[in-house]
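The primary structure of each chain is shown beneath.
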Amino acid sequence: MRRFICILLLVAIAGTQVGCFVPIWSAERDRRARQLIFQSESFRHIPNIWERIWGLDMPDLATPYRTHGGVI
């Protein structure tokens, strides 16, 4: 009985500490904050990459007036 209670107590303590079987982020607070910052930074650049791929950041060539491309 004593052994069963000890095992049950150990499982309960370990169950509250784990959180997930395969954690995505580190358990250390500083390293986890760095990982989250890097992850959010990569998501922040997606619209800029999308515009660059599709050429949305380029000037429109079908303007109704002619533009001079050189230095005046």
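Residues numbered from 1 in each chain as written. Predicted model: local features only at pLDDT ≥ 70, side-chain atom pairs only at ≥ 80, totals over all residues. Heavy atoms only, no water.

(A) Region of interest: the overall build of the protein. Each helix and strand counted, the protein has three helices and zero strands in total. Along the protein, helices and strands appear, N-terminal first, in the series α-α-α. Within the protein, the fraction of its 72 residues that count as buried is 1%. About 7600 Å² of surface is accessible on the protein, with carbon and sulfur atoms providing 65% of the total. (Helix = DSSP H or I, 4+ residues; strand = E, 2+ residues; numbered from the N terminus. Buried < 20%, exposed > 50% of the residue type's maximum accessible area, 1.4 Å probe, protein only. Areas by Shrake-Rupley, 256 points an atom, 1.4 Å probe, with all protein chains shown as cover.)

(B) Local environment of a nonpolar patch on the surface. Residues Met-1, Phe-4, Ile-5 and Leu-8 make up a contiguous nonpolar surface patch of roughly 500 Å² in combined accessible area. With respect to the element layout, Ile-5 can be found in helix α1 (residues 2–18). (Patch = residues over 30% accessible without salt bridge, like charges linked within 9 Å, V, L, I, M, F, W, Y side chains within 5 Å. Salt bridge = Lys/Arg side-chain N within 4 Å of Asp/Glu carboxyl O.)

(C) The environment of Trp-25, seen in detail. Here Trp-25 lies in the loop between α1 and α2 (29–44). Relative accessible area serves as the criterion here: at 33%, Trp-25 is assigned to the partly exposed category. Between the C-alpha atoms of Trp-25 and Leu-36, which are eleven residues apart in sequence, the distance is 8.0 Å.

(D) Highlighting the side chain of Ser-26. Following the sequence through the fold, Ser-26 ends up in the loop between α1 and α2. Under the relative-accessibility criterion, Ser-26 is labelled buried at 17%. The residues touching Ser-26, leaving out its near neighbours within four places in the chain, are Arg-31, Arg-32 and Gln-35. (Contact = heavy atoms within 4.5 Å.)

Such coordinate-based values are descriptive only and should not be taken to indicate function.
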